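Fold and geometry: a report
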Amino acid sequence: MILLGLAAWALWPRGDTQAGDAAHDLKDSSPRKYTIRVAPGIYMPGTRPQDVGKPLEGLADVAREFEKLYPDTRIDFTDAPVGQREYLITQCTAGQAPDIINVNVGDVWQDVQKGWYLPFDKYLEEPNPFIAKGQAGSVHWWDQFKYQAISRSKTAPDGKVYCVTYDMVETGIFYNKTIFHRLGLHIPRDWSEFLQLQQKLKDAGVIPFLVDSGAVADWGVDLVFNQLYGSVISGMKLKRDATRDLHLSRFFDWDELAYLNQKGFFTRRDPRFVETFRILKAWRQFFEKDMSSTDLTKMFVTQKGAMYWTGSWEVNRLARDAEVGFDWGLFYLPPIPKSYDRFADGHEQCVIGGSGTQFEVTNSAFDDTHDAATSEKLKRTIAFIQYLTIPRNVDRVVNEILCFLPNVVGAEPRPELKPFDTILHREFANTKWLYTFDLRFDEIMRRMLDLYINNGISEDEFMGWMETNVKTACDTIVRRKQINLSKFDAKWNELAPLRARMQELPSAP
């Protein structure tokens, strides 16, 4: 299972970051006993995210200060492709991955049984040694993290925590206030008004909605799915965990999905599943003609499109780019009312983002002794991450760019990102259809959904592909993880009276 949250490689900017001077070129290169390699993602020193603003310096400055505290340690930054699963597999297998990586924690969960990653649990329960007495984090490192529900929900299915959530990311609909004002338009209250708004924009000769096909397959599917299944979750949810339920009380893990699939859910016999994709196809008429376009930001900046669904990172470009000659605002996807679809109940749209930068420690961090219990290098690796979470350091690193919201008490988000804070306090999605299973499932789903909403295949053909794809993915994960699905039988039977009162549930084959 992968939480995106928004979390997440699925939300990461692609191809916008230009390589600059590497941080280690700016620092003392004298030999040190320990070298900690860090793949920091968007905070890579010397780069200019989205080609705006000055080259980043914050993380390099923090590293220099840390090296003064630990003169035997050197921090090296690398622009390694840790977001590519093939890279992670080869490098972790060989014990050559960076010591600290920034990757969606769901990718880590796929491999926790292999010993490639270090659990943080014992460190999070201990004090952060760099925090003054009486401050958040001085008793338990855990206490430093602002978005507690999201951060603690990163507990893996094996009950351990493999990442430190450094910041938060969320999606939103950026809209051109100037165009809205000219046409007398307002932020929609529900899905019906949302579609009416887009029709008015289309009639006025403006592209109503800019979104890439990957976002529709990822965020679009999950948000519509949440809207249609909201009223029946109580009869389907089979697992409960007090820690994860703070943020994931309605979230289906891969084993639950596999069990429910055997009961007829997520097939052509499941009308809510079919309806999820029908809604997306009906919405497609308001998108840009070519959904494979890689420069939707330019289309929005040049006012060819009135709305743009993207992530909080886009604030960095819109707030700092001199070419943006209009006022823009932000709202979230509105709820789907029952008057629009019989399966919807009108509850507010859920969170699709969440954790942005997620730091994990690989087995390379204790390659000095090959034993986490005795490694001096590992102690310094953990200390560096703890040092990064000092509020003033978080402020210098995260707030140097306008992309993410700090996840540490005492480090406030930039004003331009405040609207995302409200969204992040909502409940998370029911599932992440993309990124929960394997790469094969993801590729098939993306490709076939793109064909379906663009009239390349019929609904029956598409649902046939989806039904087979879901079953194959579920069977594969059960085999690989050696999951005994019979563990859910008792809970399934317990929930039978609830399901008996629900309409149009699928039946088992």
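Refer to the structure presented above.
Please read all numbers here as calculations on a predicted model, not as lab measurements.

Here we come to the packing of helix H18 (residues 439-453) against helix H19 (residues 459-481). Orientation of H18 relative to H19, taken along the N-to-C sense of each, is 170°, at an axis distance of 10 Å. The orientation of H18 relative to H19 falls into the category roughly antiparallel. Residues Arg440, Phe441, Ile444, Met445, Met448, Leu449 and Tyr452 of H18 pack against Glu459, Phe462, Trp465, Met466, Asn469, Val470, Thr472 and Ala473 of H19. The class makeup of the residues in the contact of H18 with H19 is 11 nonpolar, two polar and two charged.

On to the sheet that holds strand E3 (residues 100-102). In sheet architecture, strand pairing relies on hydrogen bonds along the backbone and comes in two forms, parallel and antiparallel. Judged by pairing direction, the sheet is mixed, and its five strands sit side by side in the order E2-E1-E3-E11-E4 without closing on themselves. The open sheet has two free edges, formed respectively by strand E2 (73-77) and strand E4 (164-165), since each of these has just one partner strand. Pairing analysis gives three bridges linking E3 to strand E11 (residues 358-361), with the strands arranged antiparallel. Within the sheet, the bridge partner assigned to isoleucine 101 lies in E11 and is glutamate 360.

To continue, consider the pattern of salt bridges. Inspection of the entire model under this criterion finds 31 salt bridges. In this structure, the salt-bridge partner of glutamate 427 is arginine 250, at a minimum N-O distance of 3.9 Å. Within this pair, whereas glutamate 427 is found in the loop between helix H16 (418-424) and helix H17 (433-436), its partner arginine 250 is found in the loop between helix H9 (245-248) and helix H10 (254-262), the two being separated by 177 residues in sequence. Between aspartate 460 and arginine 268 there is a salt bridge, with the nearest N and O atoms lying 3.7 Å from each other. Of this pair, aspartate 460 sits in helix H19 while arginine 268 sits in the loop between H10 and helix H11 (271-283), and the two are 192 residues apart along the sequence. According to the relative accessible area criterion, arginine 268 is partly exposed, its value standing at 40%. Ionic contacts of the salt-bridge type, sharing partners, join the residues Asp72, Glu376, Lys379 and Arg380 into one network.

Mapped onto the elements of the fold, tyrosine 147 is located in the loop between helix H4 (121-125) and helix H5 (148-152). On the accessibility criterion, tyrosine 147 (5% relative accessible area) is buried. Put simply, tyrosine 147 and methionine 168 are 21 residues apart on the chain and 8.5 Å apart in space, counted from C-alpha to C-alpha. With residues up to four places along the chain from it excluded, the contact list for tyrosine 147 reads Met168, Leu405, Pro406, Asn407, Asp421, Leu424 and His425.

The subject of this paragraph is the side chain of aspartate 76. Mapped onto the elements, aspartate 76 comes out in strand E2. A distance of 2.9 Å separates the side chain of aspartate 76 from the side chain of arginine 74, its partner in a polar contact.

Okay, the nonpolar core next. One finds Phe266, Trp283 and Trp433 to be the most contacted residues of the largest nonpolar core, which totals 168 residues. It is helix H8 (residues 213-229) that provides the largest number of residues to this core, a total of 10 residues. Apart from the residues within four sequence positions on either side, tryptophan 283 is in contact with Trp191, Phe194, Leu195, Gln198, Phe209, Trp309 and Leu333.

Looking at the secondary structure, you find lysine 114 in the loop between helix H3 (105-109) and H4. Residue lysine 114 is classed as partly exposed on the basis of its relative accessible area of 42%. A polar side-chain atom of lysine 114 sits 2.9 Å from a polar atom in the side chain of aspartate 111.

Here is what the cut-offs are and how they apply
- Residues numbered from 1 in each chain as written.
- Predicted model: local features only at pLDDT ≥ 70, side-chain atom pairs only at ≥ 80, totals over all residues.
- Heavy atoms only, no water.
- Axes fitted to C-alpha atoms, helices over the stretch in contact; angles between N-to-C directions.
- Helix = DSSP H or I, 4+ residues; strand = E, 2+ residues; numbered from the N terminus.
- Parallel < 35°, antiparallel > 145°, perpendicular 65-115°, else oblique.
- Contact = heavy atoms within 4.5 Å.
- Nonpolar A, V, L, I, M, F, W, Y, C, P; charged D, E, K, R; others polar.
- Pairing = 2+ DSSP bridges.
- Salt bridge = Lys/Arg side-chain N within 4 Å of Asp/Glu carboxyl O.
- Buried < 20%, exposed > 50% of the residue type's maximum accessible area, 1.4 Å probe, protein only.
- Polar contact = N/O pair within 3.5 Å; in protein donor to acceptor, adjacent residues only side chain to side chain.
- Core = buried A, V, L, I, M, F, W, Y, C linked by side-chain atoms within 4.5 Å.

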